[in-house]
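Results of the structural survey
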Amino acid sequence: MQMKKKGLLLCCIVSLGALLFIMCVSVRTENSTDEILVHYSQFPKEIQLTGEEFMIKGEYVRFPFRIRQEGEYVYILDMHGEKNFCHILKKENMAIIASFAQRGNGPEEVLQAMNLHVVSEDSIWLYDTNKREVTLWEYSPQKQTVSYKDCIKFEDKIQSSSNCAWESDSVFFFTDKSGYNRILMCNKCGDIKEYIGEIPSENNKEASNLGIMAQAWNSYIHYNPRNQLLATATQLGEVIEVYDLKTNSRQIIVGPHGEPQYAIAKDGWAVPKGIMGFSDIQITDNYIYTVFHGRTFKEIIKDPNNTLDGGEYIHIYNLNGEPICRLVLDHAIYGIDVDEENKIIWATDVNSEEQILKFQLPEIKNIN
């Protein structure tokens, strides 16, 4: 397992997590009619969870970055896949029954997969950040094969955004790497329909540094079309944003570690400081769930082998962004998929041979 650790911190500033703090009451100040800023220092409740471990059977998965589940299947995105980026597993035994998204620069190949969206058991969207395109794949249960069906190219319009979310097959959301906007809403023709928000930094908004600031504010993104909420979680620091597209409003939620901290290198890149923040976010019909790391870069540098890579916490907020509960895990994880109906949190662990975890979701509505 050590071979997969080499160079991961350089490939992706997503890493490690362990933070010891206890959270509490939110303080909210209203900036304008359409934007609310919330600072909080604690969660009102903390719950310990123990995960059930599962080993992926079949092709070796190097870095299980994203996990989705639908029906009888589990879908894994391997961010550093040697041959294929994505795998479909049977829930009953966690055996890979089909792999797709072959690595390469040719037609129907993928350069760097960063997110996937499962529409149904047999229909999967995949985002290739290097090619700046979203591809549609179709799984055949009878043949146990996946075929390439469609591709939407966004080219220079999204400046190699590292993150994408879906409303449907016609509306796509990207984080804006230019720094001039926060979110870009695009259509299925690859054109930008709308510019949404701006980087909510309270410290530095000089126009000359917007591109560098956008690097430091790189965020994971998710959209729920049922409640029309779009949310982001910063990879550095501790900032959540919740956009209500019905009312055209935004909640900015800042935790104890504040906004991303960074220095500007001579070559014009943002050098991360402070802490590693979030590595995944999901909006359900009832809550917002995030994977939180909280480990400082000083701690990460002292651990060159990445012996604890991931976040040991799941932060839960209500749909207004107010902190509800912090789940303390017995594993460090990267990606999650929350199944509220069956009260299960599916997660990925890159530190172990048992790379899939299942946690029992507590009854959140009874938490006071």
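The sections below set out a description of the structure shown in this document.

**Examining the overall build of the protein chain**
When its secondary structure is counted, the protein chain shows three helices and 29 strands. Within the protein chain, the fraction of its 368 residues that count as buried is 58%. When contacts within the protein chain are restricted to residue pairs at least 6 apart in sequence, long-range pairs at least 24 apart make up 53% of them. Carbon and sulfur atoms provide 47% of the accessible area of the protein chain, an area that totals close to 15,600 Å².

**Section: the sheet that holds strand E3 (residues 46-49)**
Read from one edge to the other, the open sheet built from five strands follows the order E3-E26-E25-E24-E23, with strand pairing classed as mixed. Each edge of the open sheet carries a strand with a single partner, namely E3 and strand E23 (278-283). Taken pair by pair, the neighbouring strands of this sheet meet at an average axis angle of 20°, ignoring direction. As judged from the six bridges shared by strand E25 (residues 311-318) and strand E26 (residues 323-333), these two strands associate in the antiparallel manner. By the bridge assignment, Tyr317 is partnered in E26 with Pro323.

**Digging into the packing of aromatic side chains**
The full count for this structure, using the stated rule, is 18 aromatic pairs. Ring centres of Phe63 and Tyr334 lie 5.0 Å apart, and the angle between their planes is 65°; on these two criteria the pair is classed as edge-to-face. One end of the pair, Phe63, is in the loop between strand E4 (52-54) and strand E5 (64-70); the other, Tyr334, is in the loop between E26 and strand E27 (336-339), with 271 residues separating them in the sequence. Side by side, Phe63 and Tyr334 carry an identical accessibility label, which is buried. Aromatic side chains Tyr287 and Tyr289 sit 6.4 Å apart centroid to centroid with 75° between the ring planes, which places their arrangement in the edge-to-face category. Judged by its relative accessible area of 16%, Tyr287 is buried. Overall, the relative accessible area of 0% leaves Tyr289 in the buried class.

**Description of the pairing of strand E19 (residues 239-244)**
Burial runs high along E19: six of the six residues are buried. The alternating pattern of E19 places Val239, Glu241 and Tyr243 and Ile240, Val242 and Asp244 on opposite faces, both of which are buried. Where strand E18 (residues 229-234) folds back on E19, the antiparallel hairpin that results is connected by four residues, among which Gly237 adopts a positive phi of roughly 65°. When E19 meets strand E20 (residues 249-254), the two strands line up antiparallel, connected through six bridges. For Ile240, the partnering residue across the bridge sits in E20 and is Ile253.

Rules used throughout
Residues numbered from 1 in each chain as written. Predicted model: local features only at pLDDT ≥ 70, side-chain atom pairs only at ≥ 80, totals over all residues. Heavy atoms only, no water. Helix = DSSP H or I, 4+ residues; strand = E, 2+ residues; numbered from the N terminus. Buried < 20%, exposed > 50% of the residue type's maximum accessible area, 1.4 Å probe, protein only. Contact = heavy atoms within 4.5 Å. Areas by Shrake-Rupley, 256 points an atom, 1.4 Å probe, with all protein chains shown as cover. Pairing = 2+ DSSP bridges. Axes fitted to C-alpha atoms, helices over the stretch in contact; angles between N-to-C directions. Phe/Tyr/Trp six-rings, centres within 6.5 Å; stacked < 30°, edge-to-face > 60°.

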